[in-house]
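If you want the building blocks of each chain, they are given just below.
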Amino acid sequence: MRRRFAWLLVSLVGLSTMGGVVLTPVFTPKKVTIKIGDTVTWTNNGAVSHTSTGNAPLNLWDSGTVTPGNSFGFTFFGGGKYPYHCTFHQSLGMTGTVSVKIKASPPSGPQGTVFTITVGTIDDPAPFRYDIQWKRPGDDRWMPLFSIKTKSFTFDSTGQPPGIYRFRSRIRNPNTMVFSDYSVPKAITVTS
Ligand SMILES: [Cu+2]
């Protein structure tokens, strides 16, 4: 089931200076953190038109022109970080980032526990795949684990050393070689 998440991202006017008024359109908040499957809704509370446009080369979404008083929503199906901008005011710094967190269950367990890591809400989100990386206990580098079409995978900790395992994911289009930024890491703990 898709959970709806309404977040106001509006344009603000403000900042009066000596002898004048400077109008500075911004996304508020500039950075938002959501869960996979959440919908972000941008509402234009300003006086001029804006867009919400996912950055190139991924170009995941584009609202087109959103006139004052209107809204646009987009549902994020995969973990990752998604920078975006307003096409009209990017040069004024009207940019933002949507950070989409992935899930792990259970959060910890003894050796032998099978953990489920969920990185998306759609199985086979064509043309995209989910790229998974992990960092094992004691490692300080992210290593590729695999690329999958399924929205989740399991990690069987049988015979694995205890410690903290971290996972992160992004979406990638293997046809065009474009991808999102990786999600914030999700940690699980294997106890002895
Ligand atoms: Cu704008």
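Heads up: the structure comes first, above all this text.
Residues numbered from 1 in each chain as written. Predicted model: local features only at pLDDT ≥ 70, side-chain atom pairs only at ≥ 80, totals over all residues.

1. A few points about the pairing of strand E8 (residues 95–101)
- Residue alternation in E8 divides its side chains into a buried set, Gly-96, Val-98 and Val-100, and an unburied set, Thr-95, Thr-97, Ser-99 and Lys-101.
- In this sheet, E8 lies alongside strand E7 (residues 80–85) in antiparallel orientation, the contact comprising six bridges. Within E8, the residue paired with Gly-80 across the bridge is Val-100. (Buried ≥ 20, exposed ≤ 12 C-beta atoms within 10 Å, placed from the backbone. Helix = DSSP H or I, 4+ residues; strand = E, 2+ residues; numbered from the N terminus. Pairing = 2+ DSSP bridges.)

2. Re the sheet that holds strand E5 (residues 53–54)
- A sheet is described by the order of its strands in space; here four strands give the open sequence E3-E8-E7-E5, paired in mixed fashion. Two strands bound the open sheet, and with one partner strand each, they are strand E3 (31–35) and E5.
- Judged from the two bridges that link them, E5 and E7 form a sheet pairing that is antiparallel. Each bridged residue has a counterpart across the sheet, and for Thr-53 the counterpart in E7 is His-85.

3. Observations concerning the sheet that holds strand E11 (residues 114–118)
- Within the open sheet, the three strands sit side by side as E9-E11-E14. Their pairing is antiparallel. One side of each edge strand has no neighbouring strand; the edge strands of this open sheet are strand E9 (103–105) and strand E14 (152–156). Across this sheet, the average inter-strand angle for adjacent strands is 20 degrees, counted without regard to direction.
- Across five bridges, E11 lies against E14 in antiparallel orientation. For Val-114, the partnering residue across the bridge sits in E14 and is Asp-156. (Axes fitted to C-alpha atoms, helices over the stretch in contact; angles between N-to-C directions.)

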